[in-house]
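Each chain, letter by letter, is given below.
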Amino acid sequence: MTAAHVVSPDDEQRHLPDAEDLWNESYYADFVHEDGSWGGWLRLGLYPNRRVAWWTTWIVGPDRPGVCSVRYDAPVPAGTGLVAEDSAIRIELDIVQPLEQFRIAASAPAEVFGHPADVYSGGRGRPAHLDLDLTWTTDGTPYHYDLTTRYEIPCTTHGIVTIDGETLTVRGQGQRDHSWGVRDWWAFGWCWSSARLDDGTRVHLADIRMPGFPVAFGYIQTPAGESPAGQSPAGDVHTIRTLSVTEDLGPEGMPTSARIELTYGEAAAGAGPVGSLAIDVTPLAFGPVLLRNDDGRTSRFPRAMVRYATEDGRVGLGWIEWNQPEGG
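None of the values given here were measured: they were computed from a predicted structure.

Asker: When you look at the layout of surface pockets in this model, what are you seeing that I'm missing?
Answerer: With a probe scaled to a water molecule rolled over the atoms, the places where space remains empty come into view. Empty space within the largest pocket amounts to approximately 620 Å³. What lines the largest pocket is a set of 27 residues, and nearest its centre among them are Val70, Arg71, Tyr72, Glu111 and Leu290. Contributing elements (two or more residues each) for the lining of the largest pocket: β3 (52-61), β4 (64-74), β7 (101-113) and β18 (289-292). If you add up the space inside the second largest pocket, you get close to 510 Å³. Along the wall of the second largest pocket there are 23 residues; nearest its centre are Thr148, Arg150, Arg183, Phe188 and Ile208. By residue number, the principal contributor to the lining of the second largest pocket is strand β11 (residues 166-182), which donates four residues. Residue composition of the lining of the second largest pocket, by class: 14 nonpolar, five polar and four charged.

Asker: Would you explain empty space enclosed by the protein in this entry?
Answerer: Within this structure, the stated rule accounts for two cavities of 30 Å³ or more. As a volume, the largest cavity reaches approximately 50 Å³. What lines the largest cavity is a set of 13 residues, among which Asp30, Gln173, Gly174, Ser194 and Gly318 lie closest to the centre. Listing elements by their share of the lining of the largest cavity, those giving two or more residues are β1 (23-33), β11, β12 (189-197) and β21 (315-325).

Asker: Could you clarify how one ought to interpret unusual backbone geometry in this entry?
Answerer: Among all residues except glycine, the phi angle is most often negative; among peptide bonds, the trans geometry is most common. Even without being glycine, Leu147 reaches a positive phi, approximately 70°. Within the fold, Leu147 resides in the loop between β9 (143-144) and β10 (150-163). Given the relative accessible area of 75%, Leu147 is considered exposed. Residue Glu252 is not a glycine yet carries a positive backbone phi of 60°. Relative to the assigned elements, Glu252 resides in the loop between β15 (237-249) and β16 (255-264).

Asker: So what exactly am I meant to see when it comes to the environment of Leu16 here?
Answerer: Structurally, the position occupied by Leu16 is in the segment before β1. For Leu16 and Ala304, which are 288 residues apart along the polypeptide, the C-alpha to C-alpha distance reads 32 Å.

Asker: I keep staring at the state of the cysteines and nothing clicks. Help me out?
Answerer: Any covalent bond linking the sulfur atoms of two cysteines counts as a disulfide. For the structure shown, the criterion picks out zero disulfides. Cys191 provides the cysteine sulfur closest to Cys155, a residue in no disulfide bond, and the two sulfurs are 20 Å apart. Residue classification places Cys155 among the buried positions, given a relative accessible area of 0%.

Asker: Looking at this structure, I do not really get the pairing of β12. What am I missing?
Answerer: Along any regular strand, the residues point their side chains to alternate faces of the sheet. With respect to burial, β12 is a largely interior element, eight of its nine residues being buried. Hairpin connection, β12 to strand β13 (residues 202-209): the antiparallel pair is bridged by four residues, and Gly200 has positive phi, about 90°. One ladder, built from eight bridges, connects β12 with β21; its direction is antiparallel. Among the inter-strand pairings, Ser193 is bridged to a residue of β21, identified as Ile320.

Asker: What exactly am I supposed to notice about the side chain of Arg43 here?
Answerer: Relative to the assigned elements, Arg43 resides in strand β2 (residues 39-47). A polar atom in the side chain of Arg43 sits 3.5 Å from the side chain of Asn24. Setting aside its immediate chain neighbours within four residues, Arg43 contacts Asn24, Ser26, Tyr27, Tyr28, Trp54, Trp55, Thr56, Thr57, Arg183 and Trp185.

Asker: What is the right way to read the pattern of salt bridges from this model?
Answerer: Counting across every chain of the model gives 28 salt bridges. Where Arg124 meets Glu111, a salt bridge forms, and the shortest distance between an N and an O atom there is 2.8 Å. Linking Arg124 in the loop between β7 and β8 (126-138) with Glu111 in strand β7, this pair joins segments that are 13 residues apart in sequence. What makes Glu111 buried here is its relative accessible area of 17%.

Criteria and thresholds
- Numbering of residues starts from 1 in every chain and runs along the sequence as written.
- Restriction of local features to residues with pLDDT of at least 70 applies here, the model being predicted, together with a cutoff of 80 or more for giving and counting side-chain atom pairs; totals for whole chains, interfaces and linings are based on all residues.
- Just so you know, side-chain values use all the structure's heavy atoms and leave hydrogens and water out.
- Within this scheme a cavity is a closed region of a 1 Å grid, computed over the protein atoms alone, that accommodates a 1.4 Å probe without allowing it to escape, whereas a pocket is open but has protein on both sides within 12 Å along at least five of seven lines; lining residues each have an atom within 4 Å of a point.
- Grid points are joined across faces, edges and corners, and a volume is the space filled by probe spheres set on the points.
- Numbering of helices and strands starts at the N terminus; helices are DSSP runs of H or I of at least 4 residues and strands are runs of E of at least 2.
- Under the scheme applied here, ten amino acids are nonpolar (Ala, Val, Leu, Ile, Met, Phe, Trp, Tyr, Cys and Pro), four are charged (Asp, Glu, Lys and Arg), and all others, including Gly, are polar.
- In this scheme, a residue with accessible area under 20% of its type's maximum is buried, one over 50% is exposed, and one in between is partly exposed, where area comes from a 1.4 Å probe on protein chains only.
- Two cysteine sulfurs form what is called a disulfide whenever their separation falls within 2.5 Å.
- Strand pairing follows a simple DSSP-based rule, namely that at least 2 bridges must link the two strands.
- Here a polar contact is taken to be a pair of N or O atoms separated by no more than 3.5 Å, where protein atoms must pair a possible hydrogen donor with a possible acceptor and residues adjacent in sequence count only if both atoms sit in side chains.
- Every residue pair with non-hydrogen atoms within 4.5 Å of one another is taken to be in contact.
- A pair is scored as a salt bridge if a Lys or Arg side-chain nitrogen falls within 4 Å of a carboxyl oxygen belonging to Asp or Glu.

Shown next as structure tokens:
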């Protein structure tokens, strides 16, 4: 970082790993179609010291079965490249313009699930094939976390998704992030969320649930000409100061609802928060995965396309995820 929360364009590319077994580099993106009828999330995570890449992707909607494409043994792209491919799968990541445009093109086997939670028990869905070509265009300010090598970018998303010959056109909102460093999914839980509200405000948060040392990251970004409930100047980016996320768990640990309460503003000595926000979260469709380590540890990972409603009357769409390590 060159300054607090500023993202370097050079960091869009791959980074040299250290010697840690679980050192990981992750490119992660999601989208919601403009009418909220469907959406998806996609991730390519590289474990170069294990010589494998993780490809985890779901296409979901409240009125359609889920389509899941997952590989935990995909090849790591050679050198500094961003193309993972073998005889069965091809995933191409393209930094079209650093910090401005990012593209994922993929062709991979998939499965169709009427009940997404079946993936937790090893259930198999109907075989299918997934092709997609999607572009995320920056729609806000790239934001680097404190304390860790990770940044988030609010976006719009466009492109196509084809499932067994059925082609869907994507026009909507999205979020993408890029991180590098040790990623131990089984050490502690978290809740991550991103939203676009109907006035254009972007909200992103991460509630990191480390025992005895909870950490919160995130921002409120207001669009030009708007401000959240009149509490901050138009176009500002404010860091989350305090954060509480609570959820009601349903079958298989999949939350049926959640409540987000936060304050945001500058962290200067003696400065109070600029504003506060309370958001109710309603899951619309889940795309979960089961994460299993080589040592047998597991973590359930319910990720959901959701509807947001704030106490001041705004609504929005986006994605939320929980990492739920076994025994955590």
